[in-house]
Amino acid sequence: MALPITKVHILILFMCLIELGTAQLSPNFYAAKCPNALSTIRSGVNSAVSKEARMGASLLRLHFHDCFGCDASVLLDDTATFTGEKTAGPNANSIRGFEVIDSIKSQVESLCPGVVSCADILAVAARDSVVALGGPSWTVQLGRRDSTTASKSQANSDLPAPTLDLTGLISAFSKKGLSTSDMVVLSGGHTIGQARCTTFRARIYNETNIDPNFAKSLQGNCPSTGGDNNLAPIDTTSPTKFDNAYYKNLQVKKGLFHSDQQLFNGGSTDSQVNGYASNPLSFCRDFGNAMIKMGNISPLTGTSGQIRTNCRKIN
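Residues numbered from 1 in each chain as written. Predicted model: local features only at pLDDT ≥ 70, side-chain atom pairs only at ≥ 80, totals over all residues. Heavy atoms only, no water.

### Quick word on the domain arrangement of the protein chain
- Along its sequence, the protein chain is carved into domain 1 (36-158) and domain 2 (166-293).
- Here domain 1 and domain 2 have C-alpha centroids that lie 22 Å from each other.
- Interface area, domain 1 with domain 2, both sides summed: about 1,700 Å², of which 73% is carbon and sulfur.
- Linking domain 1 to domain 2 there are one salt bridge.
- With a shortest N-O distance of 2.9 Å, Lys 176 and Asp 158 are connected by a salt bridge. (Domains from an automatic or database assignment. Buried area = accessible area lost by both parts, 1.4 Å probe. Salt bridge = Lys/Arg side-chain N within 4 Å of Asp/Glu carboxyl O.)

### Examining the state of the cysteines
- As enumerated under the stated definition, the model contains four disulfides in all.
- Each sulfur of the disulfide joining Cys 118 and Cys 311 lies 2.1 Å from the other. Note on the Cys 118 and Cys 311 pair: the S-S dihedral is about -100 degrees, so by sign convention the disulfide is left-handed. On the criterion of sequence distance, the pair formed by Cys 118 in helix 5 (residues 118-132) and Cys 311 in the segment after helix 14 (280-294) is long-range, its members being 193 residues apart. The pair formed by Cys 118 and Cys 311 is uniform in burial state, with each residue classed as buried.
- Here the cysteine-cysteine linkages of the protein chain are recorded as 1-4, 2-3, 5-8, 6-7, numbering only bonded cysteines and doing so in sequence order. (Disulfide = S-S within 2.5 Å. Helix = DSSP H or I, 4+ residues; strand = E, 2+ residues; numbered from the N terminus. Buried < 20%, exposed > 50% of the residue type's maximum accessible area, 1.4 Å probe, protein only.)

### Some details on the environment of Ala 32
- Take Ala 32: it is sitting in the loop between helix 1 (7-19) and helix 2 (37-51).
- What makes Ala 32 exposed here is its relative accessible area of 74%.
- For the pair formed by Ala 32 and Ser 147, sequence separation is 115 residues and the distance between their alpha carbons is 24 Å.

### A look at the UniProt feature "domain: Plant heme peroxidase family profile" (unreviewed entry) in the protein chain
- This chain's UniProt record puts "domain: Plant heme peroxidase family profile" (unreviewed entry) on residues 24-315.
- With 46% helix and 2% strand, residues 24-315 has its two end C-alpha atoms placed 24 Å apart. (UniProt positions renumbered as here; feature names shortened; annotations may be inferred.)

### Some words on the side chain of Ser 58
- Among the secondary structure elements, Ser 58 is positioned in helix 3 (residues 54-66).
- For Ser 58, a relative accessible area of 8% puts it in the buried group.
- There is a polar contact of 2.9 Å between the side chain of Ser 58 and the side chain of Arg 96. (Polar contact = N/O pair within 3.5 Å; in protein donor to acceptor, adjacent residues only side chain to side chain.)

### Concerning unusual backbone geometry
- Positive phi is not limited to glycine here, since Asn 93 has a value of about 55 degrees.
- Here Asn 93 lies in the loop between helix 3 and helix 4 (98-111).

### Brief notes about the packing of aromatic side chains
- Inspection of the entire model under this criterion finds nine aromatic pairs.
- Taking the centre distance of 5.1 Å and the plane angle of 70 degrees together, the rings of Tyr 247 and Phe 283 count as edge-to-face. With Tyr 247 in helix 11 (residues 245-251) and Phe 283 in helix 14, this pair connects stretches of sequence that are 36 residues apart.
- One aromatic cluster is present, built from ring pairs that chain together Trp 138, Phe 242, Tyr 246, Tyr 247, Tyr 276, Phe 283 and Phe 287. (Phe/Tyr/Trp six-rings, centres within 6.5 Å; stacked < 30°, edge-to-face > 60°.)

### Some thoughts on the pattern of salt bridges
- The final tally for this structure, using the stated rule, is 12 salt bridges.
- Between Asp 77 and Arg 312 there is a salt bridge whose closest N-O contact spans 3.6 Å. Of the two residues, Asp 77 sits in the loop between helix 3 and helix 4 while Arg 312 sits in the segment after helix 14, which places them 235 residues apart along the sequence.
- For Asp 77, a relative accessible area of 27% puts it in the partly exposed group.
- Look at Arg 312 and you get partly exposed, because its relative accessible area is 23%.

### Things to note about the environment of Lys 86
- Note that Lys 86 resides in the loop between helix 3 and helix 4.
- Looking at Lys 86, the relative accessible area reads 15%, which means it is buried.
- Along the chain, Lys 86 and Leu 263 lie 177 residues apart, while their C-alpha atoms are 28 Å from each other.
- Ignoring any residue separated from it by four or fewer positions in sequence, one finds Lys 86 in contact with Val 74, Leu 75, Leu 76, Asp 77, Asn 91, Ala 92, Phe 98 and Arg 312. (Contact = heavy atoms within 4.5 Å.)

### As for the side chain of Arg 201
- Within the fold, Arg 201 resides in helix 9 (residues 197-206).
- For Arg 201, a relative accessible area of 15% gives the class buried.
- Within the structure, the side chain of Arg 201 is placed 2.9 Å from the backbone oxygen of Pro 223, a separation counted as a polar contact.

Here it is as structure tokens:
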């Protein structure tokens, strides 16, 4: 004879899930614990982006580079016992915005000590950065906790490089549970931000599927040797506005990275690029949905990990 399920049984089951670290993310996670957390993050992001529009792209990129894991491991500084991810190939001399996250974390800690994770701050800051630059909003799922370690080798192996061909991009995203369609729409984050000469030099000097005038215009600030850290906008049309110009650029062979132009190079993703180039509302909708999906990659929840007091080091 089956025993009836009571409220006590349900409560015990819920507590077991929490104990196992499998609690689900929720958009209302901080509603009672820290009701002003989200507005504080938004204010910090808006202040930073108003001072430097590029910072919006930098904060979005921090979340991208964290979220092939979503546990704020990307924020940890090197220590005597482990090497963090900041010096990994895709991150070194590239990812930035740590001081903005530090400032926001400090403000949130003063409101609600030990409650809001650095991983959640990254996720919300990415959304708020996109909004600040004219892009879409989406509902950020919350309740992530922070890692107590980092992996430079994993950052090197997992983060997609700007030199990848289409098959490599599809594979890199697939390993994280993201579809080809997710990959194409998330690549649209390149509608904002800037890149270093070293990441696109080979393309503008050696490749043929590039507009020759576009390539020449970039060579002036990106010589064949030297000038590795000279910057160029990834989207030359509207580098500080979150829109669908990135896809229009690909249609006319003005993708800055080799990996960008791979999305429109006679392959399976051409039709999706065409769709986003002609329908900005579709791009914005799909981008928000893909960000939610990406933000749910392997988060630490429940009692796993910790809530760091300082995002740069474990407690």
